[in-house]
Amino acid sequence: MVEPADKPSTAGQRLSAPESFGVSTLEPGLRPPAQAPGRLVSIRVQMLDDTQEVFQISQRSPGKVLFDLVCVHVNLAEGDYFGLEYQDHRKMTVWLDLLKPTLKQIRRPKNTILRFVVKFFPPDHTQLLEELTRYLFALQIKRDLACGRLICNDTSAALMVSHIIQSEIGDFDETQSWQHLLHNKYLPDQDAIRDKITDCHRKHVGQTPAESDYQLLEIARRLEMYGVRLHPAKDREGTKLSLAVAHIGVLVFQGYTKINAFNWSKVRKLSFKRKRFLIKLRADPAQSAHHDTLEFAMASRDCCKVFWKICVEYHAFFRLFEEPKAKPKPILFTRGSSFRFSGRTQKQIIDYVKDSELKKLPFERKHSKILSHSGMSPQSSSFRSQVPKESAMSVQLADQPDSTRLGHRAECNGSEDPPAATSTANGFRDIATAPGSDPIQSRQNHHGTGSAPDPHFLNPESPGSEDSPAGSPQVVINGTGSVNSSTGVLGQSPEGRHLSPLTSPLLTDAGCVRNDEEEEARRKKFPTDKAYFIAKELLTTERTYLKDLQVITESFHGAAGKDESFPDSVKKLISASYDPVHKFHQGFLKEVEQRLAQWSGRSNAHIKGDYQRIGDILLKNIQGLRHLTVHLQKHSECLVELERVCRSGRKAEAVCRDFEQQRVCYLPLNIFLLRPLHRLLHYKLILERLCKHYPPTHEDFRDCRATLADISEMVLQLQGTMMKMENFQKLLELKKDLTGIDNLAIPGREFIRLGCLSKLSGKGLQQRMFFLFSDSLVYTSRGMTPSNQFKVHGQLPLYGMTIRESEEEWGVPHSFTLFGQRQSVVVAASCASEMERWVEDIRMAIDLAEQSSGTDTDLLPTSLSDNKLSEDGGAELESEEELCGSRSSLERQGHRGNTTVHVCWHRNTSVSMVDFSVAVENQLSGNLLRKFKNSNGWQKLWVVFTNFSLFFYKSHQDDYPLASLPLLGYSVTVPAESENIHKDYVFKLHFKSHVYYFRSESEYTFERWMEVIRSATCSASRSVPSTRKELY
């Protein structure tokens, strides 16, 4: 429906992209919105990239028809964040009303240019699920900077402009960057800070345009003037002020300084009378003298009405679950305005994008001069930020920032011949998910040239799910050129920070086509003895274990060594405790690798009889490991000392916090510190399986049994320390996810269970996150802070508490009531089994609280602030201002959207300490073949199962994972006949519409993967509470 110009401009040609490139999340073949009959009128719309498009609409069409045409033209799924603004006949900038006829609003359409701009600015840019949406937001920030609307200090301005330049011209080149700044105006006073801009630009080497967009939005959203549109006004005393509206409420500015904010939760009514704008507040009992109505004088009634309308729309967009219904028209007369918000709310947009199987196609950046195949050295690529990357046609990528990381969905675009080349300018960043979203976080690394993972590896319905054809197809790169390539290049992400949940990037499938017949022939050459595969499990898990040790001995040691403020005593303690263990296991791994190579016949040794065993190597090395027991015993001391240092010094805490954000630290740092203790359990379980498999007459049986006796003795010796440290580590990890309680790791406290329950209140059932400890039950809700922490609402002491099932009393399924000494709480579980687990654990915890007669003083002492909340009983603090208010920089610990707590929140489930203990024992690593329901071939990947998640690597030599898939809530089954998976040893992972098939190499490995994944997808059997109770 776009009017032809000098050259055809079609729906595919959005943002100046050629027709073959102009596709995104809208379904192919989507027709423009139906228009009312009548004469067609041409309307000009200026896009965010400064291009102008002409649309033809019926003269009777409402504004929504024009707006939908624009969204279809740019293929924008999250279009409701945007709007069309124009200058009316009064020279006032107003928004196009989507319900009213367009021509009744635009008096002279031939002389009017509408601007497609951002209308609603979310508090967190990671809530934008599509790369195209973030790109458009970045263009809006660029425009706001250039016109002086986004006010900030020189440092922030220089940093933002440097990211814009990086996205447009790529890596820093002194001559090119200087010329670019001379010919482009990004700031009103750009010349004064040109040197600062170039200095910042130097630091962005290897950063892709999509990464630059992300970093730009990350900086912009923290500015006070982000998304602010000032409306001049005066207060009752005549002081000149400005009013603005944001996601949180109505803001008051004096100049460019915010002096007041009226949260939506405190506003009772917004209205205007003539040129007076009125804000009626809810009564505050604590301030009886406070006026409940605030009055501001604006220039005219029209100014009042314009501002009132945008306030109504902002409130509806961010606060309502769905679009408000139209009021019935009165018969005789009307009172007040009939204006209402039209369009989807933010919640509806997020749910739509996540729940719809959208097709994801690439787009071109008009101002970017970067070619996808531009050369990038491995050194420079190491600086890449871990953020979603651009979806170039050559890559067939559909990116999203984290989330979900759990992520969001995309459907195969149906392309018959997807390209097999991928860009060096691709880098991913981890993100956690939102409810119901595709729960995968992705990180991408750089390996020069070589095969790349399938784009569907993390997202079963992403574009390009079909395996790439063999050969070297001609590939167009970002619409600017073409290359011949048959190999893919993975972009590397540098050390960066984790993102908040909601989306998940995808990986590419370049050069990963496998010949199934060759694969079958190769597998048949391997030994079929079960003992071989048990030994191979030892090898694969040892490789992962050694990588985990390197996180401490190399990566963390290097990070702490660079900071002079980090205490030398702790550095020496960690080094002395872990370096000998790491060195020992390096030698052990070499021996195991050599033996397995001989066993499988892949070495130069042709006499295999003496090599088809593993017990002799295990016996020799486990006996050597016993000499390191003194070092293993110090690992608990390292954990306690590290926490003590972090409490006593902010700089040391910052070192640990920053290190946890690096891609190599794919788990909480404290978990890596406990890995050597966990590894002893793995050896014990592997040896038990070997002894069970071997007959007593087997030559390897005696060595395996002797080794099992040795390792069992070590486990028994360290078991008490191990359990205490697991609990301590879990409390420290939960502390990072909670705000409102300073320290969870108080002496004597044991973690028992965490998960989602619905709490019954005056507002009905509300989702809350509950944390059960041996002395109290804490309930929280997820805050809107940048760190995605959970806000503590109340804490119920367990001493004296009783519990009663109350489904019949309240009429709420799976509900029960907790009767505390000062407060009673009614909660409901998601299902009967969840309720049974919670009731059983709470009753066990109540018994423990009543029987407890003393506390353990070995761990860190508590602080006075730890008890502030418990003194307050269960008083709920549900003020939205507290949930959304700013926090100190120390508390902003980066996004933690991929933790177990967040996964439980999004999937409405729970896990117990028993589940965590089982997960520790059930760690597994190895190669698997992966397939999606819409793809043909199988892709080989190195997969690590730990911490209720699968982590995916290109090979076992990679230092950090490409992606992760949290398994809580997933079901694991065997494919049905109707699914046409005609292969052996295949298991299926399924969550809502997301289906993944994984194929193992033998019956043993198939059973092991099924076993460990079931331990994560299903809560641990509750046949062991008495044992846990004794351990507490």
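Residues numbered from 1 in each chain as written. Predicted model: local features only at pLDDT ≥ 70, side-chain atom pairs only at ≥ 80, totals over all residues. Heavy atoms only, no water.

1. Regarding unusual backbone geometry
Item 1. Even without being a glycine, N75 presents a positive backbone phi close to 55°.
Item 2. Take N75: it is sitting in the loop between α1 (63-74) and β3 (82-87).
Item 3. Phi is positive for F948, close to 65°, though the residue is something other than glycine.
Item 4. Examined against the element boundaries, F948 turns out to sit in the loop between β29 (939-946) and β30 (949-953).
Item 5. Taking the relative accessible area as the measure of exposure, F948 reaches 3% and is therefore buried. (Helix = DSSP H or I, 4+ residues; strand = E, 2+ residues; numbered from the N terminus. Buried < 20%, exposed > 50% of the residue type's maximum accessible area, 1.4 Å probe, protein only.)

2. Concerning the nonpolar core
The tendency in soluble globular proteins is for nonpolar side chains to be buried side by side.
Item 1. The biggest cluster of nonpolar side chains holds 128 residues, and the ones touching the most others in it are L690, L754, L950, L989 and W1009.
Item 2. Sorting elements by how many residues they give to this core places helix α12 (residues 530-561) first, with 15 residues.
Item 3. Apart from residues no more than four positions distant in its own chain, L754 is found in contact with L734, M769, F770, F771, W838, V901, C904, S910, V911 and F916.
Item 4. Counting 98 residues, the second-largest nonpolar core is a separate cluster that includes L129, F277, C304 and F307. (Core = buried A, V, L, I, M, F, W, Y, C linked by side-chain atoms within 4.5 Å. Contact = heavy atoms within 4.5 Å.)

3. Overview of the pairing of strand β25 (residues 815-819)
Item 1. When you tally the buried positions in β25, you get four out of five residues, the bulk of the element.
Item 2. Here four bridges tie strand β24 (residues 802-805) to β25, and the two strands are oriented antiparallel to one another. Its bridge partner lying in β25, E805 is registered against F816.
Item 3. Relative to strand β26 (residues 824-828), β25 runs antiparallel, the two being bridged by five bridges. When the sheet's bridge partners are listed, F816 is paired in β26 with V827.
Item 4. Taking the residues that link successive antiparallel strands as the turn, the β25-β26 hairpin has four residues. (Pairing = 2+ DSSP bridges.)

4. A word on the sheet that holds strand β1 (residues 40-46)
Item 1. Here we have five strands laid out as an open sheet, ordered β2-β1-β5-β3-β4, and mixed in their pairing. Of all strands in the sheet, those with a lone pairing partner are β2 (52-58) and β4 (93-95), marking the two edges. For this sheet, the mean angle separating the axes of adjacent strands, direction not counted, is 40°.
Item 2. Relative to β2, β1 is paired through seven bridges, and the arrangement is antiparallel. Pairing of Q46 across the sheet is with Q52, part of β2. (Axes fitted to C-alpha atoms, helices over the stretch in contact; angles between N-to-C directions.)

5. Describing the packing of α12 against helix α19 (residues 675-693)
Each pair of packed helices can be described by the angle between their axes along with the distance between the axes.
Item 1. Close contact between α12 and α19 brings their axes to 10 Å; oriented N to C, the two are set at 175°. Comparing the axis directions of α12 and α19 gives the class roughly antiparallel. Listed contacts from α19 to K530, A531, I534, E537, L538, T541, E542, Y545, D548 and L549 of α12 are R675, P676, R679, Y683, I686, R689, L690 and H693.
Item 2. Of the residues in the contact of α12 with α19, the class split is nine nonpolar, two polar and seven charged. (Parallel < 35°, antiparallel > 145°, perpendicular 65-115°, else oblique. Nonpolar A, V, L, I, M, F, W, Y, C, P; charged D, E, K, R; others polar.)

6. Re helix α6 (residues 194-202)
Item 1. For α6, the complete set of buried residues consists of R194, I197, T198, C200 and H201. Here the buried residues of α6 occupy an arc of 160° about the axis, which is enough to place them on one side.
Item 2. Here the buried face of α6 lies against α4 (154-169) and α5 (174-183). (Arc of directions from axis to C-beta.)

7. Side note on a positive patch on the surface
Item 1. A cluster of basic side chains, namely R268, K269, R282 and K763, defines a positive patch on the protein surface.
Item 2. Structurally, the position occupied by R268 is in strand β10 (residues 267-273). (Patch = residues over 30% accessible without salt bridge, like charges linked within 9 Å, V, L, I, M, F, W, Y side chains within 5 Å. Areas by Shrake-Rupley, 256 points an atom, 1.4 Å probe, with all protein chains shown as cover. Salt bridge = Lys/Arg side-chain N within 4 Å of Asp/Glu carboxyl O. Lys, Arg positive; Asp, Glu negative; His and termini not counted. Charge placed at Lys NZ, Arg CZ, Asp CG, Glu CD.)

8. Some details on the pairing of strand β9 (residues 257-263)
On a regular strand, each side chain points to the face opposite its neighbour's, so the side chains alternate between the two faces of the sheet.
Item 1. With six bridges joining them, strand β8 (residues 249-254) and β9 adopt antiparallel strand pairing. Among the inter-strand pairings, F253 is bridged to a residue of β9, identified as K258.
Item 2. Between β8 and the antiparallel strand that follows it, β9, lie two residues; G255 among them carries a positive phi value of about 70°.

9. So, the pattern of salt bridges
Item 1. Scanning the entire structure with this criterion turns up 43 salt bridges.
Item 2. The salt bridge involving E85 is made with R115; its shortest N-O contact spans 3.3 Å. Of the two residues, E85 is situated in strand β3 and R115 in strand β5 (residues 113-118); the sequence distance between them amounts to 30 residues.
Item 3. Residues R365 and D213 are paired through a salt bridge, measuring 2.5 Å at the closest nitrogen-oxygen approach. One end of the pair, R365, is in the loop between α9 (346-355) and α10 (378-381); the other, D213, is in helix α7 (residues 209-220), and 152 residues separate them in sequence.
Item 4. Classification of R365 by relative accessible area gives buried; the value is 3%.

10. A short note on the packing of α4 against α6
Item 1. It is the contact of α4 with α6, at a shortest axis distance of 8 Å, that shows an interaxial angle of 55°. Taken together, the axes of α4 and α6 are oblique relative to one another. Both α4 and α6 take part in a crossing whose hand is right-handed. On α6, the residues that touch D154, T155, A158, L159, V161, S162, I165, Q166 and I169 of α4 are K196, I197, C200 and H201.
Item 2. Broken down by class, the residue content of the contact of α4 with α6 amounts to seven nonpolar, four polar and two charged. (Left-handed = near helix turned anticlockwise from the far one by under 90°.)

11. Overview of the packing of aromatic side chains
To describe a pair of aromatic rings, one takes the distance between the centres and the angle between the planes.
Item 1. One pass over the full model with this rule turns up 35 aromatic pairs.
Item 2. Through a chain of ring-to-ring contacts, three or more aromatic side chains come together here, namely F67, Y81, F82, F116, F120, F121, F137, Y226, Y314, F317 and F318.
Item 3. Against the face of F916 rests K730, its NZ or CZ located 3.6 Å from the ring centre.
Item 4. We note R749 situated over the ring of F773; from NZ or CZ to the ring centre the distance is 5.3 Å. (Phe/Tyr/Trp six-rings, centres within 6.5 Å; stacked < 30°, edge-to-face > 60°. Lys NZ or Arg CZ within 6 Å of the ring centre and 35° of its normal.)

12. What to know about helix α3 (residues 131-146)
Item 1. Under the 1.5 Å per step criterion, the end-to-end length of α3 is 23 Å for 16 residues, consistent within 8% with the ideal 22 Å.
Item 2. Following α3 by one or two positions, G148 adopts a phi angle in the positive range, close to 80°. (Expected span 1.5 Å × (residues − 1).)

13. Looking at a nonpolar patch on the surface
Item 1. There is a patch of nonpolar side chains on the surface, built from I151, L230 and Y256 and spanning about 250 Å² of accessible area.
Item 2. Looking at the secondary structure, you find I151 in the loop between α3 and α4.

14. Topic: the side chain of D737
Item 1. Considering the arrangement of structural elements, one finds D737 in helix α20 (residues 701-737).
Item 2. Within the local environment of D737, its side chain forms a polar contact with the side chain of T899, the two groups lying 3.4 Å apart. (Polar contact = N/O pair within 3.5 Å; in protein donor to acceptor, adjacent residues only side chain to side chain.)

15. Observations concerning the confidence of the model for the protein
Item 1. With 71% of its residues at a pLDDT of at least 70, the protein reaches an overall mean of 75.
Item 2. For residues 371-515, every residue scores under 50 in pLDDT, and the model assigns this stretch 630 contacts once sequence neighbours within four places are set aside. (pLDDT = per-residue confidence, 0-100.)

16. Digging into the state of the cysteines
Item 1. Taken as a whole and judged by the stated rule, the model has zero disulfides.
Item 2. Cysteine C704 remains unbridged, with the sulfur of C691 as its closest cysteine sulfur at 5.3 Å. (Disulfide = S-S within 2.5 Å.)

17. A short note on the environment of H204
Item 1. Of note, H204 is situated in the loop between α6 and α7.
Item 2. For the pair H204 and F172, spaced 32 residues apart in sequence, the C-alpha to C-alpha distance is 7.6 Å.
Item 3. Among residues more than four places away in sequence, those in contact with H204 are L159, S162, H163, Q166 and D171.

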